[in-house]
Each structure stands twice: as structure tokens, then as C-alpha cells.
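Per-entry structural report
Listed below, chain by chain, are the residues.
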Amino acid sequence: PYTAALPDTDALRILAAKSLNRCGAEPPAEGDSGDLVCRTPVTGGTLFFLPCAGPDQIDSAVTTAHATFSTWRTTPAPQRGRLVKRLGELLVEHKGDLADLITLEAGKIRSEALGEVQEMIDICDFAVGLSRQLYGRTMPSERPGHRLTECWHPLGVVGVVSAFNFPVAVWAWNTAVALVCGDTVVWKPSERTPLTAVACDALLARAAADTGMPAGVHQLVLGDRATGERLVDDARVALVSATGSVRMGREVAPRVAARFGRCVLELGGNNGAVVAPSADLDLAVRGIVFSAAGTAGQRCTTLRRLIVHEDVADQLVDMIVHACHRLPVGDPFAAATLVGPLIDAQAYEAMTQALERARADGGKLLTGGEPRLRDEAPQARYVTPAVVRMPTQTEIVRAETFAPILYVLTYRTFEEAIVLHNDVPQGLSSSIFTRDQREAERFLAVDGSDCGIANVNIGTSGAEIGGAFGGEKATGGGRESGSDAWRAYMRRATNTVNYSAELPLAQGVAFL
Ligand code: UN1
């Protein structure tokens, strides 16, 4: 199988500096010190050291965002949209630079890195339109001479905590929408992807300067877990929108709730696809392999469980194993590569351990799991995507391992498939491959998939920005991006106006 040779770390450092420069950001110097070690998963080598924001800097970022909110909220929404429109233009202009930084820091292959920037551009378009459509409702009042309406007001400071795997798209979903909603943003990116964050922050600052909007609407705080905790605990942060593991969400949610703040949580997924006997297997294989092995299995929406009818299981599994086995693994900058590196050695460890546990549970490894490019880049972690046939849905299958492992389970009756599908703690994305309309509709119905995203004849990953993105159960319940997800970023005020000379009370209550 194909393996692309790797570039060297020095060349990548130069590329990072150039991309940052073009985005208007000052690249860190090679000799700079700092607690944040900026590594590239492409070689595993260190690019730069960056300083972590200390408590004072975090505090001052929130202070600035909070102060800017008082004027930003009264800036008319369509004018706020101008800032986001300009950001979208700059993203188009710097699409290649940002894609380079994404590949450098997250290890995404070129087309996925470009796709991630496209996702940012798309959400900017969406948010600009939204800036003229923050609709409230008018309800019929039960009282004569009264008008009952609701309107949506800006909420405050939004703390965005993002993950390495979508280092900038998820920030853009939150930030583009929050800004048109009249909120200001403090962003704590993943400590593994600070450079993409620095570039985006610089582009947004330029968009603000170009449109004459206040620079204080966006603040970047680089750091680790402690930085995130400070942000989460700051009572001036009205909404915490956090993407990460279920474990992280379990810590964030009660802390924010304790101060009556609001949360949008986008946590782990353990996404399944049901493949029925009537499925178009060629199409299914393409959807399955992209969802399972794309982004080296490091999307929240990655397909991790295949629930296939026993009549087609052997045939389908053969096709998948054949396709996975031939996937080009290697340098994500190389045009032919489809599977880049895992983010770090820890991710590789987690994958190896999961495969061991699966084997101990009676699982049979059909392909994958072998390390690649170890001699060329001992610090990087390349691996071939694994497919494991499991006798039952054991604990390891029910857990999210953030790596390319596809567990295969079989079913006999459709009811059995639905039960298996839903019998995991997480509830983000799901798919069914079938040509049977009854099955397809049932999968989407109230007693079908219990996930926030349910698809027919496409894989679990690769959602468009126009829909609301998020999931149920341990995935956290939050919704981001399109549809009416914007409502989480605003506060609703219900207004009753009496334009009569009488004072009738609601529910017919008599008083005075
Ligand atoms: C994530 O993995 O955190 O649906 C987000 C998708 C992408 C977003 C994934 N549009 O796969």
C-alpha cells in the first residue's frame, strides 16, 4: 500500500511562519519560549513554543469582551453582519494559508483542510443572512387591546472552547453566529492547534478594522485546561460553547450551571450506520469508508459502528476491508494521501488499547491498526484504519475511541438493529443505508435513531452548515451552526403591550 514520504519539520516551520504572516499574524520566533508546545502531527516535531495566557490575561480578555458587548449589542444586527461578511471575504482570500495551517497542526489531508475553511466561509454567508432574520414571534393575546410578542436580544460574552480536530470551523460556527447575534467572543482553542487560532484572530481583527467595528468583539486566549477552567468559571461569560470529550463536558456543565450560565455542549459521538439487505452496497462502501477513515477517524461524526444485516455482512465487510486496506496513508500535504496522521502518541496508545480490548472481547481484527512511517518520523503516529468484527456490542464498542476503528456488528431483524444502534451513551450522528422506504422513514421517526443527526444513504460525517449540528444524551444536547441554533446565543424577551384603556387580567383573574 501507498505511503507518502514526509516533509521535514524545518520546512513545515517555515510554511507555518509564511502562512501566519500572510494572514496578518506575527509568527512566533524559533527561539521564543513558552509553556505551549506547538507540534505538528505530520512529523511529530516541535514548531514553536507559545506563551499561555495567565490569569490576568484571561481576566482582561473577558473584561474587554464584556465592555465591548455594551456597545456591540446596540449596533444594529445588519451592521454587525458587515463585520462577518468581511471576515468571509478574508477567509476566501486566505483559504490556502489557513488550509496549510490546518494540515500542519491537525494533520488533515489537503481536501479536508480546504473543506474546513469552506465550512467557515459558508457559515459566514449564513450568518450574514441571519443578521437580517433574527425573527421573534407575535402570538395572539387572550386580552382585547393587547399585543403579545417576543424579541431576541444579545446575550453577552460567549466563551468558545474548541477541539483540535476542527480547529477553526467550529470556532467559526460559534463566532460568526454569536457576532451577528450581538455577542462578543473569547476563544480558547485547543492547546494542540494554537497557530490556526492566531491566524483566524488576526483575520477577524483585520475584518473589524476594515469595517470600522470594535476590535474588542473577539479575544483569543491560548492555553491549556487551566485556561479553559478560568473562562468557564467567569460569571461574565454568559454562554460557554464547548466542543470536546464527554469527560470535559461532565466537568464544564455543572460548573457553568452552578453560576446559572448557559452551555452549548458538543461532546463525543459513537456514530453508527445500519446497512439493510436492500442497500446499494457500492454506494454504502463509499459513504462508510469516508466516514470511518476520513480525518483518520478523528471527527466527532466519525463512523465507529457498522450494524449490518447478516445476509449482506460478509460481502459488505469484504468490500470495506478491501477499500480500507488500499487507503493511502501518509503525508497529508501529498495530493494522493487520504489518511493523515493521528494527532499524537496518546491517540495512538488509545487506539492500540481499544484494539486489544476488542480482541479480548472476542473481536476479530480484519484489517488495519499497523503503525506506518515509524522509521521516517519516530515521533509521528501514522496508522492504517482498522476494521474489527465484534460478536456483540461490548463496553469498548460503546466507548468513543478517537481513532480510525470501525466495529462491525450484525443484526437479523430491523428492530434489533435499532436497539443495537441506540444502545450507546452518545447520540450525535447516525445513518441508514437502505432502499426500503419503510426502513428509512422508521430510522428517522420518533422510535428510530435517537441521535441529533440521522441520515439516509450517506455516511455519518460531513454535515452541511445549514442544519443544526449537535446531539443528544452524552453528546451534550447542544446545537450549533445552522437552522435556529442561533437562539442559544440570544436571550428571549416576551413583551405584552396594553394599548387599551382597560386593564383586563390574564386567566380572567379579578382584582381591584
Ligand atoms: C466535529 O467533528 O467536531 O459533520 C465537527 C462533520 C463536520 C463537522 C464535524 N461538518 O463531519
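In what follows, the accompanying structure is described. (Residues numbered from 1 in each chain as written. Predicted model: local features only at pLDDT ≥ 70, side-chain atom pairs only at ≥ 80, totals over all residues. Heavy atoms only, no water.)

**Thoughts on the sheet that holds strand β7 (residues 184-188)**
As summarised here, the arrangement of the five strands in space is β8-β7-β6-β9-β10, forming an open sheet in which the pairing is parallel. Of all the strands in the sheet, the pair left with one neighbour each is β8 (218-220) and β10 (262-266). Adjacent strand axes in the sheet meet at a mean angle of 15 degrees, parallel and antiparallel pairs treated alike. Across five bridges, the pairing between strand β6 (residues 157-161) and strand β9 (residues 237-243) is parallel. Looking across to β9, one finds that V160 is bridged to S241. Where helix α6 (residues 169-180) meets the sheet, its contacts fall on β6, β7, β8, β9 and β10, and the angle it forms with β6 comes to roughly 175 degrees. On top of the sheet, helix α8 (residues 225-233) reaches β6, β7 and β9; it is set at about 155 degrees to β7, its chief contact. (Pairing = 2+ DSSP bridges. Helix = DSSP H or I, 4+ residues; strand = E, 2+ residues; numbered from the N terminus. Axes fitted to C-alpha atoms, helices over the stretch in contact; angles between N-to-C directions. Contact = heavy atoms within 4.5 Å.)

**Looking at the packing of α8 against helix α9 (residues 246-258)**
Their axes nearest at 9 Å, the elements α8 and α9 cross at an angle of 30 degrees. In terms of orientation, α8 and α9 fall into the roughly parallel class. Our pair here, α8 against α9, has a crossing hand that is right-handed. In contact with R225, E229, V232 and D233 of α8, α9 contributes E251, V252, R255 and V256. Of the residues contributing to the contact of α8 with α9, the split by class is three nonpolar, no polar and five charged. (Parallel < 35°, antiparallel > 145°, perpendicular 65-115°, else oblique. Left-handed = near helix turned anticlockwise from the far one by under 90°. Nonpolar A, V, L, I, M, F, W, Y, C, P; charged D, E, K, R; others polar.)

**Quick notes on the environment of D484**
Of note, D484 is situated in the loop between β24 (480-481) and β25 (490-498). Sequence separation between D484 and E142 is 342 residues, and the spatial gap between their C-alpha atoms is 27 Å.

**Focus on the site of the ligand**
The local shell around the ligand consists of E119, N165, F166, W173, E266, R299, C300, T301, S461, G462, A463 and F469. Within the side chain of N165, an N or O atom sits 3.2 Å from an oxygen atom of the ligand. Taking 320 Å² as the accessible area of the ligand by itself, protein coverage stands at 99%. The residue inventory of the shell around the ligand, partitioned by class, reads five nonpolar, four polar and three charged. (Near = heavy atom within 4 Å. Polar contact = N/O pair within 3.5 Å; in protein donor to acceptor, adjacent residues only side chain to side chain. Areas by Shrake-Rupley, 256 points an atom, 1.4 Å probe, with all protein chains shown as cover.)

**Digging into unusual backbone geometry**
Positive phi outside glycine occurs at S483, with the angle close to 50 degrees. Among the secondary structure elements, S483 is positioned in the loop between β24 and β25. The partly exposed category is assigned to S483, whose relative accessible area is 41%. For Q507, which is not glycine, the phi torsion reads 60 degrees and is therefore positive. Here Q507 shows up in the segment after β25. (Buried < 20%, exposed > 50% of the residue type's maximum accessible area, 1.4 Å probe, protein only.)

**Considering the nonpolar core**
A general trend in soluble globular proteins is that nonpolar side chains are found buried together. Counting residues in each nonpolar core, the largest one holds 138 residues, and the members touching the most others are M120, I288, L306 and I320. Not counting residues within four places of it along the chain, the set of residues in contact with L306 comprises A273, V275, I288, L316, I320, L406, Y407, V408 and L409. Core analysis: the next-biggest nonpolar cluster, separate from the first, contains 19 residues, A65, V161, V232 and V252 among them. (Core = buried A, V, L, I, M, F, W, Y, C linked by side-chain atoms within 4.5 Å.)

**Examining the environment of I396**
Following the sequence through the fold, I396 ends up in helix α13 (residues 395-398). Sequence separation between I396 and R110 is 286 residues; the distance between their C-alpha atoms is 31 Å. When sequence neighbours within four positions are dropped, the list of residues in contact with I396 reads A354, R357, A358, D361, T401 and Y407.

**A short note on a nonpolar patch on the surface**
Among the surface-exposed residues, L503, L505, V509, F511 and L512 lie close enough to one another that they form a single nonpolar patch of about 650 Å² accessible area. Looking at the secondary structure, you find F511 in the segment after β25. Taking the relative accessible area as the measure of exposure, F511 reaches 68% and is therefore exposed. (Patch = residues over 30% accessible without salt bridge, like charges linked within 9 Å, V, L, I, M, F, W, Y side chains within 5 Å. Salt bridge = Lys/Arg side-chain N within 4 Å of Asp/Glu carboxyl O.)

**A word on the pattern of salt bridges**
A full pass over the atoms with the stated rule returns 25 salt bridges. Note that D233 is salt-bridged to R255, the shortest N-O span being 2.5 Å. Placement of the pair is D233 in helix α8 and R255 in helix α9, with a sequence separation of 22 residues. We classify D233 as partly exposed; its relative accessible area is 38%.

**Let's talk about the state of the cysteines**
By the definition in use, this model includes zero disulfides. Between C151, a free cysteine, and C181, which holds the nearest cysteine sulfur, the sulfur-to-sulfur gap is 13 Å. (Disulfide = S-S within 2.5 Å.)

**As for the sheet that holds strand β12 (residues 303-309)**
If you trace the seven strands from one edge of the open sheet to the other, you get β14-β17-β18-β12-β11-β20-β21, paired in mixed fashion. The outermost strands of the open sheet, each flanked by one partner alone, are β14 (364-367) and β21 (453-456). For this sheet, the mean inter-axis angle between neighbouring strands, taken without regard to orientation, is 25 degrees. Strand contacts of helix α11 (residues 310-325): β11 (271-275), β12, β14, β17 (386-389) and β18 (405-411), with the helix running at about 145 degrees to β12, the strand carrying the most contacts.

**Regarding the side chain of S241**
With respect to the element layout, S241 can be found in strand β9. Here S241 falls in the buried class, since its relative accessible area comes to 0%. In this structure the side chain of S241 is engaged in a polar contact, spanning 2.6 Å, whose partner is the side chain of N174. Ignoring sequence-local partners within four residues, the contact set of S241 consists of G159, V160, V161, N174, V264, E480 and Y489.

**What about the pairing of β7?**
Judged by how many residues are buried, β7 sits mostly within the fold: five of five residues are covered. Between the parallel elements β6 and β7, the chain passes through α6 in a crossover that is right-handed. Here β7 runs beside β8; their pairing, made up of three bridges, is parallel. Looking at the pairing, W187 lines up with L220 of β8. With helix α7 (residues 194-211) bridging β7 and its parallel neighbour β8, the resulting β-α-β unit is right-handed. (Right-handed = clockwise from strand over helix to strand, strands pointing away.)

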